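What follows is the residue order along each chain.
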Amino acid sequence: MESVLSKYEDQITIFTDYLEEYPDTDELVWILGKQHLLKTEKSKLLSDISARLWFTYRRKFSPIGGTGPSSDAGWGCMLRCGQMMLAQALICRHLGRDWSWEKQKEQPKEYQRILQCFLDRKDCCYSIHQMAQMGVGEGKSIGEWFGPNTVAQVLKKLALFDEWNSLAVYVSMDNTVVIEDIKKMCRVLPLSIDTPGDRPPDSLTASNQSDELIFLDPHTTQTFVDTEENGTVNDQTFHCLQSPQRMNILNLDPSVALGFFCKEEKDFDNWCSLVQKEILKENLRMFELVQKHPSHWPPFVPPAKPEVTTTGAEFIDSTEQLEEFDLEEDFEILSV
């Protein structure tokens, strides 16, 4: 284990090309569905990126399951990407897409509540502990690396217990011909929240300028941070305060999971219309939309609500809240 930790300690990926090196052009850069003009809005772009919650490897947290690992270095990168994806959906739901973060500035209570949901403790509802243990039901041992599809399944189960006046759509893809479609989805669809992939960099929390992707990388090991005595969290290590990295989209492993946030049912309907019009018109389709649950699929059974009371439980509600989006008709509408 020590050799694994040292190998991934403060790892920097090979895609070291920083944002300040961007040329002054009239290119538009899309950051999670919001566009910035690179030539005149660079500071806003950087601020937008630094506002995203950034989850990385951590060390010295309580052992997962009581006797398991106390660091996720080397195996938890996709789980961290999943956390970033879910956190962005919660930010959009409770604070709005235009919410901004500033260093050492007092943040709204909703922000602190969201952040505490993801702390590395067994009683936090979206912690590395909860996600790793939820993965056991998907055939993954604690400490085993997850692929993007497994992460999407875990997120789906965890998200069922959030306030379902909103919907997060996760699309997993394993196809070597989807690069052009991913570029198109980044540019065309306005509701994107994340794009974790199958090899570094694992978290593409921002979309593209030209044929490049801006990304937040989880492969840095930081020390566990807990709630302070006043009930808040020192959040500076949860935001990327240096210029983010970028990569050519051709370096992206096409085995990815894309995330889209729909605040209302009309957003989901609009998303489906855009997908049908702009993405699924090609002969080679990376997924399909269907009106009803396919008869050859097993019946959809929502997972049971966790019995353990967890920190952040105010974001968890009973499945009675699922009326606005019928899960069998809407959530499982994506056939991959």
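This text goes with the structure placed above it.
Just so it is clear, the model here is predicted, and its values are computed rather than measured.

## So, the pattern of salt bridges
Step number 1: Applying the stated criterion across every chain yields a total of 10 salt bridges.
Step number 2: For Glu-102, the salt bridge identified is with Lys-105, shortest N-O distance 3.9 Å.
Step number 3: Residue classification places Glu-102 among the partly exposed positions, given a relative accessible area of 45%.
Step number 4: Residue Arg-121 pairs with Asp-123 through a salt bridge whose shortest N-O separation is 2.9 Å.
Step number 5: On the accessibility criterion, Asp-123 (27% relative accessible area) is partly exposed.

## Quick look at the state of the cysteines
Step number 1: Throughout the structure, instances matching the rule amount to zero disulfides.
Step number 2: Not part of a disulfide, Cys-117 finds its nearest cysteine sulfur in Cys-125, a span of 3.6 Å.
Step number 3: Unpaired in this structure, Cys-124 has its nearest cysteine sulfur neighbour in Cys-125, at a distance of 7.2 Å.
Step number 4: For Cys-124, a relative accessible area of 0% gives the class buried.

## Here we look at the packing of aromatic side chains
Step number 1: One pass over the full model with this rule turns up six aromatic pairs.
Step number 2: Members of the aromatic cluster, connected to one another through ring pairs, are Phe-55, Phe-118, Tyr-126 and Phe-238.
Step number 3: Sitting above the plane of the Phe-238 ring, Arg-58 keeps its charged end 4.4 Å from the centroid.

## Concerning the packing of helix α3 (residues 77-94) against helix α5 (residues 128-136)
Step number 1: α5 packs onto α3 with a crossing angle of 115° between their chain directions and a minimal axis gap of 10 Å. In terms of orientation, α3 lies roughly perpendicular with respect to α5. You can see that α3 and α5 cross each other, and the crossing is right-handed. Along its contact with α3, which presents Leu-79, Arg-80, Gly-82 and Gln-83, the element α5 presents Ile-128, Met-131 and Ala-132.
Step number 2: Considered class by class, the residues forming the contact of α3 with α5 number four nonpolar, two polar and one charged.

## Quick look at unusual backbone geometry
Apart from glycine, the bulk of residues carry a negative phi angle, and the bulk of peptide bonds sit in the trans form.
Step number 1: In this structure, Lys-60 is a non-glycine residue whose phi angle is positive, near 70°.
Step number 2: Looking at the secondary structure, you find Lys-60 in the loop between β3 (58-59) and α3.
Step number 3: Non-glycine residue Gln-104 carries a positive phi angle of around 60°.
Step number 4: Assignment of secondary structure puts Gln-104 in the loop between α3 and α4 (109-117).

## Observations concerning the pairing of strand β7 (residues 212-215)
Step number 1: Neither face of β7 is left uncovered, since the one carrying Glu-212 and Ile-214 and the one carrying Leu-213 and Phe-215 both have all their residues buried.
Step number 2: Across four bridges, the pairing between β7 and strand β9 (residues 245-248) is antiparallel. Residue pairing across strands places Glu-212 opposite Asn-248, the latter belonging to β9.

## What about the environment of Gln-153?
Step number 1: With respect to the helices and strands, the residue Gln-153 is situated in helix α6 (residues 148-159).
Step number 2: Considering only alpha carbons, one finds Gln-153 and Met-134, 19 residues apart in sequence, at a separation of 9.4 Å.

## Some thoughts on the side chain of Gln-107
Step number 1: One can find Gln-107 in the loop between α3 and α4.
Step number 2: For Gln-107, the side chain forms a polar contact with the main-chain oxygen of Glu-102, separated by 3.4 Å.
Step number 3: For Gln-107, the side chain forms a polar contact with the main-chain oxygen of Lys-105, separated by 3.2 Å.
Step number 4: Excluding residues that lie within four positions of it along the chain, Gln-107 makes contacts with Trp-99, Ser-100, Trp-101, Glu-102 and Asp-235.

Criteria and cut-off values
- Residues numbered from 1 in each chain as written.
- Predicted model: local features only at pLDDT ≥ 70, side-chain atom pairs only at ≥ 80, totals over all residues.
- Heavy atoms only, no water.
- Salt bridge = Lys/Arg side-chain N within 4 Å of Asp/Glu carboxyl O.
- Buried < 20%, exposed > 50% of the residue type's maximum accessible area, 1.4 Å probe, protein only.
- Disulfide = S-S within 2.5 Å.
- Phe/Tyr/Trp six-rings, centres within 6.5 Å; stacked < 30°, edge-to-face > 60°.
- Lys NZ or Arg CZ within 6 Å of the ring centre and 35° of its normal.
- Axes fitted to C-alpha atoms, helices over the stretch in contact; angles between N-to-C directions.
- Helix = DSSP H or I, 4+ residues; strand = E, 2+ residues; numbered from the N terminus.
- Parallel < 35°, antiparallel > 145°, perpendicular 65-115°, else oblique.
- Left-handed = near helix turned anticlockwise from the far one by under 90°.
- Contact = heavy atoms within 4.5 Å.
- Nonpolar A, V, L, I, M, F, W, Y, C, P; charged D, E, K, R; others polar.
- Pairing = 2+ DSSP bridges.
- Polar contact = N/O pair within 3.5 Å; in protein donor to acceptor, adjacent residues only side chain to side chain.

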